[in-house]
Structures are given as structure tokens and as C-alpha cells.
Amino acid sequence: MFAKAFRVKSNTAIKGSDRRKLRADVTAVFPTLGTDQVSELVPGKEELNIVKLYAHRGDAVTVYVSGGNPILFELEKNLYPTVYTLWSYPDLLPTFTTWPLVLEKLVGGADLMLPGLVVPPAGLPQVQKGDLCAIALVGNRAPVAIGVAAMSTAEMLTSGLKGRGFSVLHTYQDHLCPEGRQLDIKKSSYKKLSKFLQHMQQEQIIQVQELSKGVESIVAVDWKHPRITSFVIPEPSPTSQTIQEGSREQPYHPPDIKSLYCVPASMTLLFQESGHKKGSILEGSEVRTIVINYAKKNDLVDADNKNLVKLDPILCDCILEKGEQHTVMKLPWDSLLNRCLEKLQPAYQVTFPGQEPIVKKGKICPIDITLAQRASNKKVTVVRNLEAYGLNPCSVATILQQRCQASTTVTPAPGTKDILQVQIQGNQIHHLGRLLLEEYRLPRKHIQGLEKAPTPGKKK
């Protein structure tokens, strides 16, 4: 909506009657706000302006600006909060979380796709299609974008978290944000930046040094100074604390991962009698039952040897290679069932504790641990695909930094989209293996690279 510059039509002070109407509209649209909060958002006497503008696509938008900051905007008679407002009331909307790398794409005008969502231990917020939602980044509860859900939470999970999740209307750092209040030293009582910094140093908020001739640098900040700690997001009310309880970081519990099978077009004739079609997802036991019932129903069990199954034209087309069509007439049960499973397309189901299962096609990528050489022939440990198992790469990096007493970094994984990798200085596969296997209790079969741990007695 505001990814590109817009054209302002008018900017006028709000009338008393319009101010009262705006308060009533805010109360109706956001019933979780109390009377005092509505009065704070739409003040009774402070400056409040109505800015009418045309977005770059021609949409007519009305923006309400309080104290120089946009607090609300109206589009097609629907009222929306800005990110400024959500910073003061972070629990106003159901909040979904994505990775920091995604923000740049959202600011550029992209919608939020479901593969970019981070599923917290408590599960995704429950919303319906068309609901207004906030979008925050991992590690920061302050929302950075506002969007409309393109599908319900149940549909998101059913889709395997694929497709478009939210139509983004407004983001932090878009063209609506610059309309907010900015610090202009020339318009302040200090007039010059040097005087401002000098005053901040006198109050012991910062330390300033002239590190190079004519260039003053801030070398220290007292983050615990009352003047700084006063700028915090208000604590949630008791009611909102209950709502937010589930979204806080909780002890990690590994997901249940189940291998599944997807019916391809080449095998639909074999499965259609049992009511399945192309794209149907089945468990291995279901496949075996369907094949056994098909063989018995069509009298394909060999009368002389019950361990053999005669192959009819459908079975031949489904499981035999081209060179076997005229040479293989019967197969043992185990060979028949194994061939059927091999011809089906792989799929898998991931279920986190207390959440609905997520089904995806293909094979789940294992957590990948590799060693790499960096400058001066130094080794680093790199781990990828943590997100698929519900692990936050930033949290894992912090834990490893403390336990390994080594520097860690989190960067985009090369050649991937919206996936992060953790890099730890040195060969830290022993520490990583203990964390993943013993504490997170992830199955060894879903981790590759553990064999690269240093041999005892050898230098890492």
C-alpha cells in the first residue's frame, strides 16, 4: 500500500465532531482497548490531523496523524492501526512471526508467504480469512507490519504452510513511516548536534570522545539511565498477559515426524477403487491395506502359492519397469508392497505438541552440520535447516555461544529462501550433537554431519 511514494491531497486539523466519531469507530473496531487507551490513542485536545492521500496505485486513503505520527489509516471504510500504534498496543491484533530477513521484502511491497512463518511452540494464532493481523520478527514482539489473512489458520496448516498467507497493507520503514515525527536538531533548543551530545554527556547518558581530528564519536551508552529506560513498550494488561502467555518462548519439545506417501498420476487407477485420487496422502499401513484388498478383490492371489500375487494390467503399469512388462507375471507379497511404496511420491507430516499436524510433500530436510574453512585456515561449524524442526536459529546460536565459549553468527543460508544458518567458530559438533540429541531429543536419523566431530586427543 505504501511501498512507493504517495500524493497528498489535503492535510487539515480534525473537527471536534470528527474526533468524537473517530473515538467511537476505534472502540467499535478494537473492542479490546479500554476507555483510557482509546483516549490516549485519540487525545481530546492535542493536535490531530486528517491527511487525505492517493497511494501509488490510486487508492484513496485517509490517515489520522497525532503529534506528527500516523496512528490510524482508513481504506475503503475500514480502519487500520499503524505500526506506531501497535508499538504502544502490541496485543491489539493477533500476531504472527517471521524471520528478520523477510522484512526487507515486505517493505518492498511483497506479501507474506506462509513458508516464511515461524511456528511458535504454542502454535499459530487462530484467525479467519480476512482478519486483520500484525506481523513481528523473531526475538522482538514489536510488530513491523500489518496485513489481512488470506486464509484461516486451519487452512494454513492444511496447506502445509504453502502459498500466500497475508496481504500486507503497511510496514515499518515504508513511505507512511517517514511521515512520522523525526528529530530535527535545528528546530530544537540545542540547534547543533555537538551541543546536544554535550548535554547528553553531562547527564551521563552517553560518553563522547574525539577519536579522530574533528570527528566526535559516541563510545558508550548507559542503557540503564532513567531517560532511556523510560522509553519502553507498556507492559500488557492482566488480560493480555493471559493471551500472550502461549506465545512466549517455552521449553523445546521435538515434533513427531511421520513419513507419508502421495499418489502420483501414474498410480491413480490402482487407488481409485478405494476412493483415493491423484495427490491423496496416505500412511504406509494404508497403502498396504489398499494393495492387499485390491489383489484379493480381483482374485490375483495365486491359487497354488498364497505368497505370490498375479499382476493384472493395472499392477503392471503401476509398478513394473518397461523391460519387465512381458517377463514378470507374479510377485511375492513383500516385493509387490515394496515396489508400490517406491513408486509413490514421498511426503511427511510434522506435529508439534498441542498443534495441528502440518503435511508437506517431499522429504523433510535433515539438520545439516558441516565444517568449513575460513581465513587463516580456521575451521567453523555451520548448521542449517533448524527451522524445519521448530528451532529458532538465533536461540540456538546464543546457547552455543555460551557453551562453546566461541563466537557465533546467524546469516542467510546460501542458495535458499528465508532460511538461516548458524556459524560457530571451531569444530563444535560435539557440543551441537549433545544439544540436539540429548537436550532437544531429536532423532539421530534427522541429523546429518555428526560423524565430523573431532576425534579425542586431536586439536579442534
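- As recorded by an unreviewed UniProt entry, the chain carries the name Eukaryotic translation initiation factor 2D and is attributed to Lipotes vexillifer.
- Of the chain, the UniProt comment under Subcellular location (unreviewed entry) reads exactly: "Cytoplasm".

## So, the UniProt feature "domain: SUI1" (unreviewed entry) in the chain
Thought 1: UniProt records the feature "domain: SUI1" (unreviewed entry) at residues 367-440, using the numbering of this structure.
Thought 2: Across residues 367-440, the secondary structure splits into 31% helix and 32% strand, with the terminal C-alpha atoms separated by 13 Å.

## Here's the deal with the packing of helix α13 (residues 393-404) against helix α14 (residues 429-439)
Packed helices, taken two at a time, are described by the angle their axes make and the gap between the axes.
Thought 1: It is the contact of α13 with α14, at a shortest axis distance of 10 Å, that shows an interaxial angle of 125°. For the element pair α13 / α14, the angle class is oblique. By crossing handedness, the relation of α13 to α14 is classed as right-handed. Each of V396, I399, L400, R403 and C404 in α13 lies in contact with α14, whose residues at this interface are H431, L432, L435 and E439.
Thought 2: Looking at side-chain class alone, the contact of α13 with α14 contains six nonpolar, one polar and two charged residues.

## Some words on unusual backbone geometry
Thought 1: With a phi close to 50°, D299 is a non-glycine residue in the positive phi region.
Thought 2: Its place among the elements puts D299 in the loop between α10 (284-297) and β16 (308-310).
Thought 3: In this structure D299 comes out as exposed when scored by relative accessible area, which is 59%.
Thought 4: Even without glycine at this site, R441 takes up a positive phi of about 55°.

## What about the confidence of the model for the chain?
Atomic detail in the predicted coordinates should be set aside for any region of low pLDDT.
Thought 1: The share of residues in the chain with pLDDT of 70 or more is 92%, and the mean pLDDT across the chain is 86.
Thought 2: Counting interchain partners and residues more than four positions distant, the pLDDT-below-50 stretch residues 233-248 has 17 contacts.

## Comments concerning the side chain of E387
Thought 1: For E387, the position within the fold is in the loop between β21 (379-384) and α13.
Thought 2: In this structure the side chain of E387 is engaged in a polar contact, spanning 2.7 Å, whose partner is the backbone nitrogen of L420.
Thought 3: Ignoring anything within four residues of it in the chain, the contact list for E387 reads W99, P393, D418, I419 and L420.

## Observations concerning the nonpolar core
Thought 1: Ranked by size, the top nonpolar core spans 35 residues in total, and within it L22, V26 and L72 carry the most contacts.
Thought 2: Elements supplying a minimum of two residues to this core: α1 (16-29), α2 (35-41), β2 (48-54), β3 (60-66), β4 (69-75), β5 (78-81) and β9 (132-137).
Thought 3: Beyond its immediate stretch of four places on either side in the chain, V26 contacts L33, V38, L41, V42, L72 and L79.
Thought 4: The next biggest cluster of nonpolar side chains, apart from the first, holds 28 residues, and it includes L106, V127, L137 and A149.

## Considerations on the pairing of strand β18 (residues 345-351)
Thought 1: Most of β18 is tucked away: five of the seven residues are buried.
Thought 2: As paired elements, strand β14 (residues 256-262) and β18 share seven bridges and run antiparallel to each other. Residue pairing in the sheet places S259 in a bridge with Y348 of β18.
Thought 3: Where β18 meets strand β19 (residues 358-361), four bridges bridge the pair, whose relative direction is antiparallel.

## Considering the sheet that holds strand β10 (residues 140-149)
Thought 1: Pairing is mixed across the open sheet formed by six strands, whose spatial order is β7-β11-β10-β9-β6-β8. Sheet topology places β7 (112-113) and β8 (117-118) at the edges, where each strand pairs with a single neighbour.
Thought 2: Relative to β10, β9 runs antiparallel, the two being bridged by five bridges. Following the sheet pairing, A134 is matched in β10 by I146.

## Let's talk about the UniProt feature "domain: DM2" (unreviewed entry) in the chain
Thought 1: The UniProt entry lists residues 259-343 under the feature "domain: DM2" (unreviewed entry), expressed in the numbering used here.
Thought 2: Regarding residues 259-343, the helix share stands at 42% and the strand share at 14%, and the terminal C-alpha atoms are separated by 15 Å.

## Regarding the sheet that holds β19
Thought 1: Reading across from one edge, β15-β14-β18-β19 is the order of the four strands in this open sheet, with antiparallel pairing throughout. Every other strand in the sheet has two partners, leaving β15 (281-282) and β19 as the edge strands with one partner each.

## Some words on the pairing of β2
Thought 1: Most of β2 is tucked away, with five of its seven residues classed as buried.
Thought 2: Taken together, the six bridges between strand β1 (residues 7-13) and β2 define a ladder with antiparallel strand orientation. Across the sheet, residue T12 finds its bridge partner in β2, namely I50.
Thought 3: Bridge count for β2 against β3 is seven bridges, and the pairing is antiparallel. Counterpart to K52 in the pairing with β3 is T62.
Thought 4: Between β2 and β3, which pair antiparallel one after the other, the connecting turn spans five residues, and G58 there sits at a positive phi close to 100°.

Cut-offs and rules
- Residues numbered from 1 in each chain as written.
- Predicted model: local features only at pLDDT ≥ 70, side-chain atom pairs only at ≥ 80, totals over all residues.
- Heavy atoms only, no water.
- UniProt positions renumbered as here; feature names shortened; annotations may be inferred.
- Helix = DSSP H or I, 4+ residues; strand = E, 2+ residues; numbered from the N terminus.
- Axes fitted to C-alpha atoms, helices over the stretch in contact; angles between N-to-C directions.
- Parallel < 35°, antiparallel > 145°, perpendicular 65-115°, else oblique.
- Left-handed = near helix turned anticlockwise from the far one by under 90°.
- Contact = heavy atoms within 4.5 Å.
- Nonpolar A, V, L, I, M, F, W, Y, C, P; charged D, E, K, R; others polar.
- Buried < 20%, exposed > 50% of the residue type's maximum accessible area, 1.4 Å probe, protein only.
- pLDDT = per-residue confidence, 0-100.
- Polar contact = N/O pair within 3.5 Å; in protein donor to acceptor, adjacent residues only side chain to side chain.
- Core = buried A, V, L, I, M, F, W, Y, C linked by side-chain atoms within 4.5 Å.
- Pairing = 2+ DSSP bridges.

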